[in-house]
Amino acid sequence: MDAGRITALSEVPDDSTVCFRVTDDAGEVREAILVRTDPAATDGGESTAETDGGERPAETDHVACWLNYCQHLTHIKLDKGSGAPMRDGELVCANHGAYFEADSGECTFGPCEGAYLTELEVSVADGDVYLTDGSYEFVGTGPIEDDDFDRTSTSNVEF
Ligand code: FES
């Protein structure tokens, strides 16, 4: 089934994020981001983990999902539409330089140190990443379109 499919795991870069849209429980459209949490372990692509021991759910360990909003000023987006900057496995808020661990969402440095990004539950199956969080519904990939910007750009396309 494709319900809730966000993207292929291979589309999630090692050093940036994939932005997509969800609706929350209140019906409000929000942005979320997918991020690799352990790039070195996923270089083989779809099924690299040894599952004989049964302890690790393979691919799911290597991707995390967060709402795309800084914990310092919560209207500020980490990924402004072309991927959030990352350094040494941490997401960086370009506004005031807060660092967030990709796998835990914890702010390790900056004005909101100790705060956590809001997590969305995702899972990986057959090389695709699915939104499995009961509090959110997948809307589509890419950022929320700015209506004003859209209207402007459309009206300008007259040759
Ligand atoms: S808005 Fe992100 S660090 Fe200030």
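In what follows, the structure referred to is the one given above.
A. Summary view of a nonpolar patch on the surface. A grouping of Val29, Val139 and Ile144 is seen on the molecular surface, where their side chains present a nonpolar patch of about 200 Å² in accessible area. Mapped onto the elements, isoleucine 144 comes out in the loop between strand 11 (137–141) and helix 1 (147–155).

B. Structural view of the side chain of glutamate 90. Tracing the chain through its elements places glutamate 90 in strand 6 (residues 90–92). Buried and unpaired, glutamate 90 has arginine 87 as its nearest opposite-charge partner, separated by 8.7 Å. Separated by 2.8 Å, the side chains of glutamate 90 and threonine 108 make a polar contact. If near-sequence neighbours (up to four positions away) are discounted, glutamate 90 is found in contact with Pro85, Tyr99, Phe100, Glu101, Ala102 and Thr108.

C. Inspection of the sheet that holds strand 1 (residues 5–8) at higher detail. With antiparallel pairing, the three strands of this open sheet are ordered in space as 1-10-9. Where the open sheet ends on each side, the last strands, each with one partner, are strand 1 and strand 9 (122–125). On average, adjacent strands in this sheet sit at an angle of 25° to one another, irrespective of strand direction. Direction of pairing for strand 9 relative to strand 10 (residues 128–131): antiparallel, over a ladder of four bridges. Looking at the pairing, serine 123 lines up with tyrosine 130 of strand 10.

D. Region of interest: the pairing of strand 3 (residues 29–36). Burial of strand 3 is extensive: six of the eight residues sit out of reach of the surface. Where strand 3 and strand 4 (residues 63–67) come together, five bridges link them in antiparallel fashion. Of the residues in strand 4, the one forming a bridge with alanine 32 is leucine 67.

E. Spatial organisation of the packing of aromatic side chains. Under the criterion given, the structure shown has two aromatic pairs. With 5.8 Å between their ring centres and 40° between their planes, phenylalanine 20 and phenylalanine 138 make a pair best called tilted. Taken as a pair, phenylalanine 20 in strand 2 (residues 17–23) and phenylalanine 138 in strand 11 lie far apart in primary sequence, 118 residues in all. Judged by centre distance (6.0 Å) and plane angle (90°), the ring pair of tyrosine 99 and phenylalanine 109 falls under edge-to-face.

F. Main features of the environment of glycine 140. Structurally, the position occupied by glycine 140 is in strand 11. For glycine 140, a relative accessible area of 9% puts it in the buried group. As a C-alpha pair, glycine 140 and glutamate 31 span 109 residues in sequence and 9.8 Å in three-dimensional space. Beyond its immediate chain neighbours, meaning those up to four positions away, glycine 140 contacts Phe20 and Arg21.

Each value, and the rule that gives it
Residues numbered from 1 in each chain as written. Predicted model: local features only at pLDDT ≥ 70, side-chain atom pairs only at ≥ 80, totals over all residues. Heavy atoms only, no water. Patch = residues over 30% accessible without salt bridge, like charges linked within 9 Å, V, L, I, M, F, W, Y side chains within 5 Å. Areas by Shrake-Rupley, 256 points an atom, 1.4 Å probe, with all protein chains shown as cover. Salt bridge = Lys/Arg side-chain N within 4 Å of Asp/Glu carboxyl O. Helix = DSSP H or I, 4+ residues; strand = E, 2+ residues; numbered from the N terminus. Buried < 20%, exposed > 50% of the residue type's maximum accessible area, 1.4 Å probe, protein only. Lys, Arg positive; Asp, Glu negative; His and termini not counted. Polar contact = N/O pair within 3.5 Å; in protein donor to acceptor, adjacent residues only side chain to side chain. Contact = heavy atoms within 4.5 Å. Pairing = 2+ DSSP bridges. Axes fitted to C-alpha atoms, helices over the stretch in contact; angles between N-to-C directions. Phe/Tyr/Trp six-rings, centres within 6.5 Å; stacked < 30°, edge-to-face > 60°.

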